[in-house]
Structures are given as C-alpha cells and as structure tokens.
Amino acid sequence: MKILVCIKQILAPESELASSAGGDTVVPAGVVERRISRYDACALEAALQLRERIGGQVQVVTVGPAEAAEALRRALGMGADEAVHIVAATDIPDPFIVAAAIAPVAGGCDLVLAGVMSEDLMQGAVGPILAALSGRPCATAAVALEPAPDGSALRVEEELEHGERSIVALTIPAVVTIQSGPWTPRYPSLSGLLKARRQPIQTLDPTALPVPEPRQRIEGLAPPPPTRGGRALSGSAGDKAVQLVHLLRQQGFLPPGRP
Amino acid sequence: MSVAPICIVLASRDPCRAAAAENLAACARAIATHSPAPIQAVVAGADPSAAAGETARHLGIPVTALEIADLSDPGDGAFGAVLADFLNRKAPAWILMEDTTLGRRLAGELAVRLAAACITGVEAVEGDAAGIVLTRAVWGGKFRAGVRATAATRVVTVASGAFAGRLEHTAVPADVRWAQGRAAHGGRRHLERIQAPEADAGLSEARAIVAAGNGIGEPDRLDLVRALAAKIAGAQVAGSRPVCDRGWLPFSRQVGITGATVAPALYIACGISGASQHLAGMSGAGLVVAINKDPKAAIFHHADIAVVEALETFLPLLIEACGQKED
Ligand SMILES: Cc1cc2nc3c(=O)[nH]c(=O)nc-3n(C[C@H](O)[C@H](O)[C@H](O)COP(=O)(O)OP(=O)(O)OC[C@H]3O[C@@H](n4cnc5c(N)ncnc54)[C@H](O)[C@@H]3O)c2cc1C
Ligand SMILES: Nc1ncnc2c1ncn2[C@@H]1O[C@H](COP(=O)(O)O)[C@@H](O)[C@H]1O
C-alpha cells in the first residue's frame, strides 16, 4: 500500500508569538519552536505502523516555506521513505489552496492520512476537502485503522463526542484524518536522522500547479476575550502559594490554618 | 430576487438536542442581524419526522424533514451526498452545522460540492461595512482570528455553546416540509456505533478537581497533583487529553469535548494551555485557578486566579503552604 501523510510544520502554540503587522498571521515574538503539528506526527506514526504490518511505502508531503523542509527531514528520520516539499512563500491560510496543492501528489497514493486538525489553524478542513476534491471516501478523527487483507478496504474507528465512537468501512483509495491517542510518535533514531540527511527531498513549485480562487481569508488576530476575571497573583512563588492558600481557605476549600 | 437563506443542518438520528439546535439558531440570528436573510433548518436522516417537528416547534423557524432512503446512520457516505443535492437547490448563503466530528467532515465535503468557503469552530459573529467576520480560535486558543469568506456560499461549523443563551423563544406552529433523497454511499459505509463508556461519577460529582495538563512533563509529577488534591476536601484528579492519551491517567479522567463535562466548585488547572476542546468540559466550574509558566497561555483568559509559575517549583510550595498556619 502506498500511503501519503500530510504534515505541517507549525510555530508551536506554547512559543512566544505575536500577531503579524498585517494581522493575517502569527509570527515569532521571542523564543519559538517549529515542529511537526502533533496530530500529523500521530498520522505519520499510524502510517509507519501500517507499513510494518502490511508493507508498502510511506511518503510525506508538506506545503510551506523553505524552513518546512526540516519537518520533512524529521519525518524521513522517523522512517518515511520519500518526501515532497511543495514550496510556498508563506504559510497558506486557505484549506482549499493547501488541499488543491496536495491533490496531484495524493493521486498516486492508495491512502492519504492527515491530522484531525492542525495545531495552529485548528480547522480540521484540509483532510475532508482533499477527500472531496479527489472524489475519495473520508473518515475523520480516527483512533484505529484495520486494512482488509486484500488491501481494497479499510475499517476505521472514528472518535465522536464524549467517548462515543463509530466504525466505518472505506474503500481504497481513501482519506483518513488521525486523532491523537493510540499513536505515540516514535523518536527518529540517530541512524535514521543521518540517513535522512542524505535522502533527496522532491520539491514542487506551486506556481506550476493550478491555484484555486481563495474562498476565505484571515483579517485580524487578537487574544481571546476573557471569560473570567483572571486575577494574577504577584510576588515570589512562595508568596503566591501563601496567597492562594489564603484564598482557598476563605472560600472553604481548605480547612482553616492550624493555630 | 429573494435573499439567499441561512440554512441550519441537523442530523435526525439523535433526539433533538435542544441546546445544540438553539446554539445554531442563535448563530444564524447573529448573522441575520448584520445581513438580513431568512433562517430555515433541515433535519436529515432515515426517519426525520419527529425530530423535524420538534425542531420547528422549538426554534420557531421553517424546517424541512429530509428523508434519506436506506440510511443506517448520518455517518454513512450517502448523508453528505443527499444533503449537498438538497442544499444546492436551496442556494443558501450560509450553511450552519454543529462543530462535531460529523459536522467538520461534512463541512469539507459540502464546501467542495457547493463551491463554498469552509469555516470551522466559529465562536462569534461580527458585522462591518464589508460584510461579516467570523471569529474562531487558532494556536490552541492563544489567539482568535477574524475570518472573512470571499465565496458567496459559506459552510460553517459553530462551536458548541458559543451562542447559547441568545435565543428569544418565539412560539410558532411547526411548519415542516418534506423532501426525500437517495444516494450511493460513495465508498463510505457506516458499520456500527460504540456507546461511550460509563461516565466516571467521581468526576461529575466532585466538589473540587485538580487537573493535570501536558505541562506536568513527566508522569512522576502527577504525584504533586495528587498530593495537592489530597489537601482539598472532596477533590479528584483529572487530566487534559494529552495526559490521558499517554495513559498517565485513564480516559475516564479526561475533561473536555471528547471526555467528561464537569462543574466542580473549584477547578485547578495545572499546566493546561486552555484549548477550547478542554474548556468545553470545564467552563461550568465555580472558581477556576490556573497555574502555567507561560504568561500568555490562553487558560489565563478563562481563569479567576492566575498563577504564572512552573509547576515543579510552585506545587511543592503550595502543598507545603496548605499545611501551614496563617500569620
Ligand atoms: C476533536 C478534538 C477533540 C479534543 N478533545 C479534547 C478533550 O476532550 N480534552 C482535552 O483536554 N483536549 C482535547 N483536545 C485537544 C486540545 O485541542 C488540546 O490539544 C489539549 O487540550 C491540550 O492539552 P494541554 O493543555 O494539557 O497541553 P498543551 O496545549 O501542550 O499545553 C501545556 C501547557 O503547559 C504549560 N507548561 C509547560 N511546562 C510547564 C511547567 N513546567 N509548569 C507550568 N506550566 C507548564 C505550557 O505553557 C502550556 O500552556 C481535542 C482535540 C481535538 C482535535
Ligand atoms: N500546509 C500544509 N502542508 C501539509 N499538510 C497540511 C498543511 N496544512 C494542513 N495540512 C494537513 O491537514 C490537516 C488539517 O489541517 P487544518 O485543516 O488546517 O486543521 C493537518 O493536520 C495536516 O495533516
């Protein structure tokens, strides 16, 4: 089975970030970490485990700026066989453009895996859109994958809300988005990383691809409006601990202090 | 020319969940305030009549019962195909669905089939001279983005509870129309549903919850969280999804949209970033205390008391202070 995994390099949410001057994206504002989005690393792990069970190849693809090649190197280090970099000047905030760029690469694959959502844009849109664009069946938020022995179908366990699940059968070729949980992304081995450095990364020029009309755009980013008071405790860590205990005692959550 | 409608889409399998329908209707009304348009709903499924009638009575808007032949579950591939066909004929400006696993998958499919924009997890609606801007969380909730659709049709999933409480009840007699559809499943067949495991009564009844997030870093630090919980009368330990994913706590202890919904009098979030999927499970808590080393963490916008500290230094001090007398 040939499996394509869509991976996105993100500016980690726990990094120091700010809104860009144009308000259309988030930019570094200090120490930042760039890494593979959490669910995409799970998707790659799922693909590698499938390969171990039934054989085949695992290809990874990303649409992103030059530095996104690092994410592909790491994926190769984890064990992917091939990598494709669709080079874009910046991050692309429109899921249709991302899906349309990936669609030609997906065409040659039996199974396409994506993350249930990206950690930065959090849309959960690229996978389903890619499926619909390429006329393939789609399952989302998968927590288990079971291929049919002849490779013609896939049994997928999808996570719904509050612990409910549904089981669906997809015919191959198909698109599945991966939820976190059963898949703990492996660490690349040292030999894997060394090998990855020598492996070629195929680059595609997006200007050579048909780019669809954008359907939506981001206009402005702001911190979320507070839903609660958010009173910040001040002083040393010890001062804060004393203040907090006092407060919890006042409200009856802790017994009064021993005399 | 008639104004393109705002169309609410509900699946009929589940009993009419009033809160979900109201949330969608309230979002539709928010859109219509800025850009007037008729609001209608479609309740689709194998046997949508009862749910359609209930929805019409409840929301006071026209409802179409869309009966889909041979459908075992809204999760079957035929659901989206029939729905797209139906909606295409209605030519709506807006299609609103719940922000669920089903809703997000359908949103992508419908957006492609209807050449529409696809905007998921919408939390607020604002209007300006140029039209409507939808607000949604990005970067784990650290920012909210305003998104403007440039396509004439927009498929939107609405974050659960985001618009609740803004519905004015209007008692209008049920106005249900019928439509029928049949489609091939397109390579996706629903096989079965697995019910959620029994909820953990300990969490739902706890007076206080101390919750561990990814920020605890290593499983041994759970001992600090447990030690803190032991000091607080009636406190239970819970976790965010990454903590339960790793098996550091059992799934039954997970708080959030795919876990438990809790409403203790006190919720102490330790190393939790404040993603909406987590907040959805604990926003009904009484007093919320957040401990996080990142002063910009989203959780601080949703906490009553904010402590910017690293857990490994702060929790031991806090546990110690619990046992000390006050000056
Ligand atoms: C469909 C779907 C359903 C989901 N359902 C749920 C759900 O039910 N429940 C849920 O929780 N999540 C759910 N999620 C995941 C959710 O989006 C977030 O990824 C998750 O809540 C993040 O968990 P966290 O806050 O523990 O971890 P992170 O986002 O990694 O945050 C860790 C926080 O700890 C802080 N930190 C790090 N080190 C320290 C330290 N030493 N001291 C103090 N603070 C520190 C960091 O600053 C950061 O803010 C779901 C996601 C999807 C896509
Ligand atoms: N720029 C990108 N390059 C490769 N894959 C992407 C890109 N953006 C999104 N994806 C894939 O689509 C998934 C969902 O992203 P999103 O729709 O933005 O939430 C991600 O988890 C990735 O698997």
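As shown above, the structure is provided for reference.
Predicted model only: the values in this text are computed from it and were never measured.

Draft legend 1. Here's a closer look at the site of ligand 2. Residues and elements named next belong to chain A. Around ligand 2, a shell composed of 18 residues is seen, among which Cys6, Asp40, Val63, Ser118 and Gly124 lie nearest. Residue Cys6 places a main-chain N or O atom 2.7 Å away from an oxygen atom belonging to ligand 2. Residue Gly124 places a main-chain N or O atom 2.7 Å away from an oxygen atom belonging to ligand 2. For ligand 2, whose free accessible area comes to 480 Å², the fraction covered by protein is 98%. Assessed atom by atom at 2 Å from the grid points, ligand 2 resides in the largest cavity. Among the secondary structure elements, those contributing two or more residues to the shell around ligand 2 are strand 6 (57-64), helix 3 (95-106) and strand 8 (111-115). When residues in the shell around ligand 2 are grouped by element, the largest group, three residues, is from strand 6. The residue inventory of the shell around ligand 2, partitioned by class, reads eleven nonpolar, five polar and two charged.

Draft legend 2. Fine view of the nonpolar core. All names here are of chain B. Counting residues in each nonpolar core, the largest one holds 51 residues, and the members touching the most others are Leu66, Leu83, Leu87 and Leu110. Beyond its immediate chain neighbours, meaning those up to four positions away, Leu87 contacts Cys7, Val9, Pro92, Ile95, Leu110 and Leu114. Ranked by size, the runner-up nonpolar core spans 48 residues in total, among them Leu59, Val63, Trp94 and Ala149.

Draft legend 3. Quick look at the sheet that holds strand 14 (residues 287-292) of chain B. Spatially, the six strands line up as an open sheet ordered 15(A)-15(B)-14(B)-13(B)-11(B)-12(B), and their pairing is parallel. A strand with exactly one partner marks an edge of an open sheet, and here the two such strands are strand 15 (231-232) of chain A together with strand 12 (235-239) of chain B. Relative to strand 13 (residues 266-270) of chain B, strand 11 (residues 208-212) of chain B runs parallel, the two being bridged by five bridges. If you follow Ala208 of chain B over to strand 13 of chain B, its bridge partner there is Leu266 of chain B. The sheet strands contacting helix 9 (residues 311-322) of chain B are strand 13, strand 14 and strand 15 (305-308) of chain B, and the helix crosses strand 14 of chain B at an angle near 130 degrees.

Draft legend 4. Fine view of the sheet that holds strand 9 (residues 138-147) of chain A. In spatial order, the strands read 13(A)-7(A)-6(A)-1(A)-8(A)-12(A)-9(A)-10(A)-11(A)-10(B); together these ten strands make up an open sheet with mixed pairing. Across the chains shown, the open sheet's two edge strands, defined by having one partner strand only, are strand 13 (202-204) of chain A together with strand 10 (188-194) of chain B. The mean angle between the axes of side-by-side strands here comes to 30 degrees, regardless of whether they run parallel or antiparallel. Bridge analysis of strand 9 of chain A against strand 10 (residues 153-159) of chain A gives five bridges, and the strand direction is antiparallel. Across the sheet, Pro147 of chain A pairs through a bridge with Leu154 of chain A, a residue of strand 10 of chain A. The strands touched by helix 2 (residues 69-78) of chain A are strand 6 and strand 7 (82-87) of chain A; relative to strand 7 of chain A, the strand with the most contacts, the crossing angle is about 170 degrees. Contacting strand 9 and strand 10 of chain A together with strand 10 of chain B, helix 4 (residues 101-113) of chain B crosses the sheet at an angle of about 105 degrees to strand 9 of chain A.

Draft legend 5. Spatial organisation of the packing of helix 4 (residues 126-133) of chain A against helix 4 of chain B. Taken N-terminus to C-terminus, the directions of helix 4 of chain A and helix 4 of chain B make an angle of 40 degrees; their axes are 8 Å apart at the nearest point. The pairing of helix 4 of chain A with helix 4 of chain B is recorded here as oblique in orientation. The hand of the helix 4 of chain A/helix 4 of chain B crossing is right-handed. Judged by residue contacts, Pro128, Ile129, Ala132 and Leu133 of chain A of helix 4 of chain A engage Arg104, Arg105, Gly108, Glu109 and Val112 of chain B from helix 4 of chain B. Class assignment of the residues belonging to the contact of helix 4 of chain A with helix 4 of chain B gives a composition of five nonpolar, one polar and three charged.

Draft legend 6. Focus on the packing of aromatic side chains. Under the definition given, this model contains zero aromatic pairs over all chains. Over the face of the ring belonging to Phe96 of chain A we find Arg215 of chain A, whose NZ or CZ atom lies 4.0 Å from the ring centre. Against the face of Trp248 of chain B rests Arg246 of chain B, its NZ or CZ located 4.5 Å from the ring centre.

What counts, and where the lines are drawn
- Residues numbered from 1 in each chain as written.
- Chains lettered and ligands numbered in written order.
- Predicted model: local features only at pLDDT ≥ 70, side-chain atom pairs only at ≥ 80, totals over all residues.
- Heavy atoms only, no water.
- Near = heavy atom within 4 Å.
- Polar contact = N/O pair within 3.5 Å; in protein donor to acceptor, adjacent residues only side chain to side chain.
- Areas by Shrake-Rupley, 256 points an atom, 1.4 Å probe, with all protein chains shown as cover.
- 1 Å grid on protein atoms, 1.4 Å probe; cavity = no way out; pocket = protein on both sides within 12 Å on 5 of 7 lines; lining within 4 Å.
- Sits in = over half its atoms within 2 Å of the grid points.
- Helix = DSSP H or I, 4+ residues; strand = E, 2+ residues; numbered from the N terminus.
- Nonpolar A, V, L, I, M, F, W, Y, C, P; charged D, E, K, R; others polar.
- Core = buried A, V, L, I, M, F, W, Y, C linked by side-chain atoms within 4.5 Å.
- Buried < 20%, exposed > 50% of the residue type's maximum accessible area, 1.4 Å probe, protein only.
- Contact = heavy atoms within 4.5 Å.
- Pairing = 2+ DSSP bridges.
- Axes fitted to C-alpha atoms, helices over the stretch in contact; angles between N-to-C directions.
- Parallel < 35°, antiparallel > 145°, perpendicular 65-115°, else oblique.
- Left-handed = near helix turned anticlockwise from the far one by under 90°.
- Phe/Tyr/Trp six-rings, centres within 6.5 Å; stacked < 30°, edge-to-face > 60°.
- Lys NZ or Arg CZ within 6 Å of the ring centre and 35° of its normal.

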